[in-house]
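Observations on the three-dimensional arrangement
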Amino acid sequence: MDTAALILTIVGAINWGLVSVFQFDLVAWLCGGQTAWLSRVIYGIVALAGLWCISLLFKRGTHRDTDVQHRPAT
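To start, this report covers the structure provided alongside it. (Residues numbered from 1 in each chain as written. Predicted model: local features only at pLDDT ≥ 70, side-chain atom pairs only at ≥ 80, totals over all residues. Heavy atoms only, no water.)

Points about the overall build of the chain
Basically, it comes down to this: Secondary structure follows DSSP: runs of H or I at least 4 residues long count as helices, runs of E at least 2 residues long count as strands, and numbering of each begins at the N terminus. Whether two residues touch is decided by their heavy atoms; if any such pair falls within 4.5 Å, the residues are in contact. Residue burial considers only the protein chains on display, and all accessible areas are found by Shrake-Rupley using a 1.4 Å probe.
Of the regular secondary structure elements, the chain holds four helices and zero strands. N-terminal to C-terminal, the α/β element order of the chain is α-α-α-α. Partitioning the contacts of the chain with sequence separation of at least 6, the portion at a separation of at least 24 is 45%. Counting only carbon and sulfur atoms, one obtains 68% of the accessible surface of the chain, whose full area is about 6200 Å².

As structure tokens, this is what we get:
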């Protein structure tokens, strides 16, 4: 679930970057406009993924954190 949320959040960030730099909304272009039902569903899913990613900020004891703590100094 974490990986899927991160991928969707990255897709959303890229879309917002396109909007910012080129004034081009890829999701709207692919789905028939910003107000099309499919666009709204995609925007909603990306928003939920972003909210899920907030929980990643508060996770402790991930594999990566554990490896760094127990690795001998070089």
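Now, onward.
Some points on the environment of threonine 9
Note the threshold: Burial here depends on accessible area, computed with a 1.4 Å probe over protein chains only, as a share of the maximum for the residue type. Under 20% is buried, over 50% is exposed, and the range in between is partly exposed. Throughout this description, a polar contact denotes any pair of N or O atoms lying within 3.5 Å of each other; where both atoms belong to protein, one of them has to be capable of donating a hydrogen while the other can accept it, and for residues adjacent in sequence the pair is counted only when both atoms sit in side chains.
Its location among the elements puts threonine 9 in helix H1 (residues 2-22). Classification of threonine 9 as partly exposed rests on a relative accessible area of 26%. In sequence terms threonine 9 and alanine 49 are 40 residues apart; their C-alpha atoms lie 6.0 Å from each other. The contacts of threonine 9, once residues within four sequence positions are left out, are Ala49, Gly50 and Cys53. Engagement of the side chain of threonine 9 in a polar contact is seen with the backbone oxygen of alanine 5, the distance being 2.7 Å.

Concerning the environment of tryptophan 52
Here tryptophan 52 shows up in helix H3 (residues 37-56). Sequence separation between tryptophan 52 and methionine 1 is 51 residues, and the spatial gap between their C-alpha atoms is 8.8 Å. Contacts of tryptophan 52, omitting those with residues within four sequence positions, involve Met1, Asp2 and Ala5.

A few points about the packing of aromatic side chains
Selection criterion: Pairing of aromatic side chains requires ring centres within 6.5 Å, counting the rings of Phe and Tyr and the six-membered ring of Trp. Pairs whose planes differ by under 30 degrees are stacked, by over 60 edge-to-face, and all others tilted.
Taken as a whole and judged by the stated rule, the model has one aromatic pair. Ring geometry for phenylalanine 24 and tryptophan 29: centres 5.8 Å apart, planes at 55°, overall tilted. Residue class for tryptophan 29 comes out exposed when judged on its relative accessible area of 61%.

Some details on H1
Counted only if it meets this: Multiplying 1.5 Å by the helix residue count minus one yields the expected span of that helix. This arc describes the spread of directions from the helix axis toward the C-beta atoms.
An ideal rise of 1.5 Å per residue puts 30 Å on 21 residues; H1 measures up with 30 Å between its terminal C-alpha atoms. Within H1, burial applies to Ala5, Gly12 and Asn15. Taken down its axis, H1 places every buried residue within 90° of arc, on the same side. Exposed residues on H1 whose side chains face more than 90 degrees from its buried face are Thr3, Ile14, Val21 and Phe22. Contact partners of the buried residues in H1: helix H2 (26-31) and H3. Two residues or fewer past H1, glutamine 23 is found with a positive phi of approximately 55°.

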